[in-house]
Amino acid sequence: MTQAPQVRAAAHTATRTAPQAVETAMRRALALAAQGPAYGPNPRVGCVLLDPGGRTVAEGFHRGAGTPHAEAAALTAARASGVDPRGTTAVVTLEPCAHHGRTGPCADALIDAGVAVVHVAVGDPNPVATGGAARLRAAGIEVTTGTLADEGEELLRPWLHAVRTGRPYVTLKLATSLDGRVAAADGTSQWITGTPARAHAHTIRAQVDAIAVGSGTALTDDPSLTARTVDGGLFEHQPLRVVLGRRPVPDDARLRGPGGPLLELPGHDLDAALRQLAEREVRHLLVEGGPTLATALLAADAVDELHAYVAPVLLGAGATAVGDLGVTTIGEAARFATHDITRLGDDVLLVARRAQPVQTQPADAQHAQPGRPSRHTKEEI
């Protein structure tokens, strides 16, 4: 729909909202966005509408794929409460989209509503959806970007990474003793960490798109890879269960029981596996495989974040969390930057992220893209 000339003119005569009011609204928009699901192909987005005096008149957030986007939700809320959105300022965590998907373009919705000013935290890197800011400006709407950009980037970290690089954001989970063991000498490993740490790990499972193990772990441990609540029930969202490796999952395996869908990716080509998952719109992949898969991913520089659950336990022998990475001197060590440390009962969770950012994927790149595995692994996973 084309905006009427008098609505377009409103953008030029709108009262400028105080920067502090815009920042306050953006923090609220970020909090709203965080209420949306962390999993799924779509980003978490929040929107706050301000009147010319800087007062909030409506707000909304995206509740998941197929539901109204944040901007549309806020506009609907405004009209439902009797507020005319013409002349308002929209504060949005992500650049309004400019494409027709399951819903119409958010940029057009703002234009048609007569919104005068739009403040954005993060530009949309998705080549399919980007262009909203340009469309808004062409309609005479004032647009600013970069408001609380760091906070916006943090909220959207896995989604932005997946869109920018063309592969899922990979989180590697490790649960070890103080001396780095994941099992005792006889192979037993349940349980190194305590109940609080295990419960926390399940909340992470409930926030990701997929969870992966190697075929060796699938055969040895017979895991279910479900996201379970403290009382043993299943979270509403169950991640896609992925098994990497050449050995098939047995017909009677728990992986074929209740939980998310099962996807077997035969072979040991990590690059191909990550590309296949990206094609399925997996944005965030959690890896809970054994030492072989962990080693392969680390050696291929395919890990973006580490979740290391460390228990105050000493084993002295047994399997280690990571095998040989080919590091012969300290200068070659795979280094990560500590992001957060949390105590969980007697255990500690260390969250660390790759020290160097992954470069944006060229649009026409097919192989050897920055941020993808640097080499294939020949290990059986």
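The structure contained in this document is the topic of the report that follows. (Residues numbered from 1 in each chain as written. Predicted model: local features only at pLDDT ≥ 70, side-chain atom pairs only at ≥ 80, totals over all residues. Heavy atoms only, no water.)

A few points about the overall build of the protein
And then number 1: In terms of helices and strands, the protein carries eleven helices and 13 strands.
And then number 2: For the protein, the residues scored as buried account for 49% of the 381 residues in total.
And then number 3: When the accessible surface of the protein is summed, it comes to about 17800 Å², and 52% of that surface belongs to carbon and sulfur atoms. (Helix = DSSP H or I, 4+ residues; strand = E, 2+ residues; numbered from the N terminus. Buried < 20%, exposed > 50% of the residue type's maximum accessible area, 1.4 Å probe, protein only. Areas by Shrake-Rupley, 256 points an atom, 1.4 Å probe, with all protein chains shown as cover.)

Observations concerning the sheet that holds strand S12 (residues 336-344)
And then number 1: Judged by pairing direction, the sheet is mixed, and its eight strands sit side by side in the order S9-S8-S7-S10-S6-S11-S13-S12 without closing on themselves. Because the sheet does not close on itself, it has two edges, and the strands there are strand S9 (262-265) and S12. Direction aside, the axes of adjacent strands within the sheet are offset by 20 degrees on average.
And then number 2: Relative to strand S11 (residues 305-310), strand S6 (residues 169-176) is paired through six bridges, and the arrangement is parallel. (Pairing = 2+ DSSP bridges. Axes fitted to C-alpha atoms, helices over the stretch in contact; angles between N-to-C directions.)

A few points about the sheet that holds strand S4 (residues 117-122)
The strands making up a sheet are joined through hydrogen bonds of the backbone, oriented either antiparallel or parallel.
And then number 1: What the five strands build is an open sheet, ordered S2-S1-S3-S4-S5; its pairing is mixed. The two strands at the open ends of the sheet, each matched to only one other strand, are strand S2 (56-61) and strand S5 (142-145). Recorded for the sheet is a direction-independent mean angle of 15 degrees between the axes of neighbouring strands.
And then number 2: Where strand S1 (residues 46-50) and S2 come together, five bridges link them in antiparallel fashion. Bridge pairing in S2 places Leu 49 opposite Ala 58.

A closer look at the pairing of S12
And then number 1: Where S12 meets strand S13 (residues 347-354), eight bridges bridge the pair, whose relative direction is antiparallel. Counted as the bridge partner of Thr 342 is Leu 349 from S13.
And then number 2: The antiparallel hairpin formed by S12 and S13 contains two residues in its connecting segment, where Gly 345 sits at a positive phi of about 65 degrees.

Side note on the environment of Leu 32
And then number 1: Note on placement: Leu 32 falls in helix H2 (residues 19-33).
And then number 2: According to the relative accessible area criterion, Leu 32 is buried, its value standing at 3%.
And then number 3: Taking C-alpha positions, Leu 32 is 7.6 Å from Cys 47, a pair spaced 15 residues apart along the chain.
And then number 4: The residues contacting Leu 32, other than those within four sequence positions of it, are Gly 46, Cys 47, Val 48, Glu 59, Gly 60 and Phe 61. (Contact = heavy atoms within 4.5 Å.)

Let's talk about the state of the cysteines
And then number 1: Applying the stated criterion to the full structure yields zero disulfides.
And then number 2: The thiol sulfur of Cys 47 is not disulfide-bonded, and the nearest other cysteine sulfur, from Cys 106, lies at 8.7 Å.
And then number 3: We note that Cys 106 lacks a disulfide partner, and the nearest cysteine sulfur, in Cys 97, lies 3.5 Å from it. (Disulfide = S-S within 2.5 Å.)

Here's the deal with the layout of surface pockets
And then number 1: In this model, the largest pocket occupies a volume close to 1200 Å³.
And then number 2: Surrounding the largest pocket, 37 residues form its lining, Lys 173, Ser 189, Gln 190, Trp 191 and Asp 221 being those nearest its centre.
And then number 3: Sorting the residues of the lining of the largest pocket by element identifies S6, helix H8 (195-205), helix H9 (215-221) and helix H11 (291-299) as the ones contributing at least two each.
And then number 4: Element by element, the count of residues in the lining of the largest pocket is highest for H8, at six residues.
And then number 5: For the lining of the largest pocket, the class distribution of residues is 16 nonpolar, 14 polar and seven charged. (1 Å grid on protein atoms, 1.4 Å probe; cavity = no way out; pocket = protein on both sides within 12 Å on 5 of 7 lines; lining within 4 Å. Points joined across faces, edges and corners; volume = space filled by probe spheres on them. Nonpolar A, V, L, I, M, F, W, Y, C, P; charged D, E, K, R; others polar.)

Remarks on the nonpolar core
And then number 1: Membership of the largest hydrophobic core comes to 42 residues, with the highest contact counts inside it found for Leu 49, Ala 90, Val 118 and Leu 136.
And then number 2: A total of seven residues in this core trace back to one element, the largest contributor, which is H2.
And then number 3: Leu 172, Leu 244, Leu 293 and Leu 297 belong to the second-largest nonpolar core, a separate cluster that totals 29 residues. (Core = buried A, V, L, I, M, F, W, Y, C linked by side-chain atoms within 4.5 Å.)

Some words on helix H10 (residues 270-279)
Spacing of three or four residues puts side chains on the same side of an α-helix, whose turn is 3.6 residues.
And then number 1: Listed in full, the buried residues belonging to H10 are Leu 270, Asp 271, Ala 272, Ala 273, Leu 274 and Leu 277.
And then number 2: Packing partners of the buried residues in H10 comprise S6, strand S8 (240-244), S9, strand S10 (284-287) and H11.
And then number 3: Between the side-chain oxygen at the start of H10 and the backbone nitrogen of Asp 271 there is a gap of 3.1 Å, and the oxygen is on Asp 269.
And then number 4: Of the residues trailing H10, Glu 281 is marked for its positive phi of about 65 degrees. (Polar contact = N/O pair within 3.5 Å; in protein donor to acceptor, adjacent residues only side chain to side chain.)

Focus on the side chain of Thr 171
And then number 1: Position of Thr 171 among the secondary structure elements: in strand S6.
And then number 2: One polar contact links Thr 171 to His 284, side chain to side chain, over a distance of 2.8 Å.

Points about helix H7 (residues 157-165)
And then number 1: Listed as buried for H7 are Trp 159, Leu 160, His 161, Ala 162, Val 163 and Thr 165.
And then number 2: Residues of H7 that are buried in the fold lie against strand S3 (89-94), S4, helix H6 (149-155) and S6.
And then number 3: Just downstream of H7 lies Gly 166, where phi reads positive at about 80 degrees.

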